[in-house]
Structure formats: structure tokens, C-alpha cells
Amino acid sequence: MEYSTFGRHVAVDTWGADFDKLNNAEWLQAQMVEAAEVCGATVLSVQSKQFEPQGATVLVLLSESHISIHTYPEKGFAALDCYTCGETVDPQAAIDYLVSVLKPERTYAKKLIRGVGEMTVETPAMPQAVLAK
């Protein structure tokens, strides 16, 4: 079987999210696993770290690549990214889900198209409101 090198990498900075959500590695981990399910990805493993006095990092290793979040609750900031290889998993769906549960005041997003030659950068459409479970 031959695999495609094509991939999409969505990176989003969010501002104005709730301190308690951003400072809860366990809650973030559950949301990130749900985001993987929403976009149709296969979760291989999950790593998380709760920092003191605040902040969290969660990495979800996917068969298709990864989803990560790094938070700075004291600033209301989270850096999210999702990279997936191939055509079958849409990283934007995972990001949209995460934004819907974090409910930040502002988001800034870019999408890299990778694995087909020179990388291209796009600005993805970010829905104003995405329904979360």
C-alpha cells in the first residue's frame, strides 16, 4: 500500500478563554480525544502535563499525526494545532470542536498545506459558533 504525503496543518491562537478550562489538563485531555473522534482520527496515545502554578500541555498522538494544546490560563491564551496526513481526516473539524468548547473571545488561524512540494499557507474560515456536545 502506498501512502500519500499530503497533509494539512491547522494552527490557532485563541485569546479570552476561561481560566479554569485552560488550567485543567484532565478536562483538556478529554476534549482533545473527543476532537480526534469528531474529525475521524485514530488516537494512539495521549500525554498531558499540568503545570504549577498554572498551565497545561496536552498532546494526542494520532495514527494520522497529532493534536496539541499549550495553555497560559493567566493570559486567557491557548495555542492549538492539528496536523493530519492524507485526505480522510480533516484537522479543521478537530480545531472547530476545540474552539467550540473553549469559547475564546478571539481566534487567529492559519492552515499549512504540506507534503506536495512547497508549503502553502491559507487562512481557514473559523465558524462563529460551532455546536459542542
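Before any of the text, the structure's been laid out above.
Quick caveat, the model's predicted, so the values are computed rather than measured.

Here we look at the packing of aromatic side chains
Note on aromatic pairs: each is described by the distance of the centres and the angle between the planes.
1) Next: Overall, the coordinates contain two aromatic pairs when judged by the stated rule.
2) Next: Pairing Tyr72 with Phe77 gives two aromatic rings, centres 5.9 Å apart and planes at 45°, and the pair type is tilted.
3) Next: Residue class for Tyr72 comes out partly exposed when judged on its relative accessible area of 41%.
4) Next: Connected via pairs of aromatic rings, a cluster forms that spans Trp15, Tyr72 and Phe77.

Some details on the sheet that holds strand 6 (residues 106-114)
1) Next: As summarised here, the arrangement of the seven strands in space is 2-3-4-5-1-6-7, forming an open sheet in which the pairing is antiparallel. With partners counted over all chains shown, the strands left at the sheet margins are strand 2 (43-50) and strand 7 (120-122), one partner each. Strand after strand, the sheet turns through a mean of 10° between neighbouring axes, direction not considered.
2) Next: Where strand 1 (residues 7-15) and strand 6 come together, nine bridges link them in antiparallel fashion. Bridge assignment links Val10 to a residue of strand 6, and that residue is Lys111.
3) Next: Lying over the sheet, helix 2 (residues 25-39) contacts strand 2, strand 3 (56-62) and strand 4 (65-72), oriented at roughly 25° with respect to strand 3.
4) Next: Sheet contacts for helix 3 (residues 91-102): strand 1, strand 4, strand 5 (77-85) and strand 6; angle to strand 5, the most-contacted strand, approximately 160°.

Notes on the pairing of strand 4
1) Next: With six of eight residues buried, strand 4 is to be regarded as a mostly interior element.
2) Next: Pairing between strand 3 and strand 4: five bridges, direction antiparallel. In the sheet register, Val60 faces strand 4, and the bridge partner there is Ile67.
3) Next: Between strand 3 and strand 4, which pair antiparallel one after the other, the connecting turn spans two residues.
4) Next: Bridge count between strand 4 and strand 5: eight bridges; the pairing is antiparallel. Looking at strand 5, one finds that His70 is bridged to Ala79.
5) Next: What sits between strand 4 and strand 5 in their antiparallel hairpin is a turn of four residues, with Gly76 showing a positive phi close to 70°.

Here is what the cut-offs are and how they apply
- Residues numbered from 1 in each chain as written.
- Predicted model: local features only at pLDDT ≥ 70, side-chain atom pairs only at ≥ 80, totals over all residues.
- Heavy atoms only, no water.
- Phe/Tyr/Trp six-rings, centres within 6.5 Å; stacked < 30°, edge-to-face > 60°.
- Buried < 20%, exposed > 50% of the residue type's maximum accessible area, 1.4 Å probe, protein only.
- Pairing = 2+ DSSP bridges.
- Helix = DSSP H or I, 4+ residues; strand = E, 2+ residues; numbered from the N terminus.
- Axes fitted to C-alpha atoms, helices over the stretch in contact; angles between N-to-C directions.
- Contact = heavy atoms within 4.5 Å.

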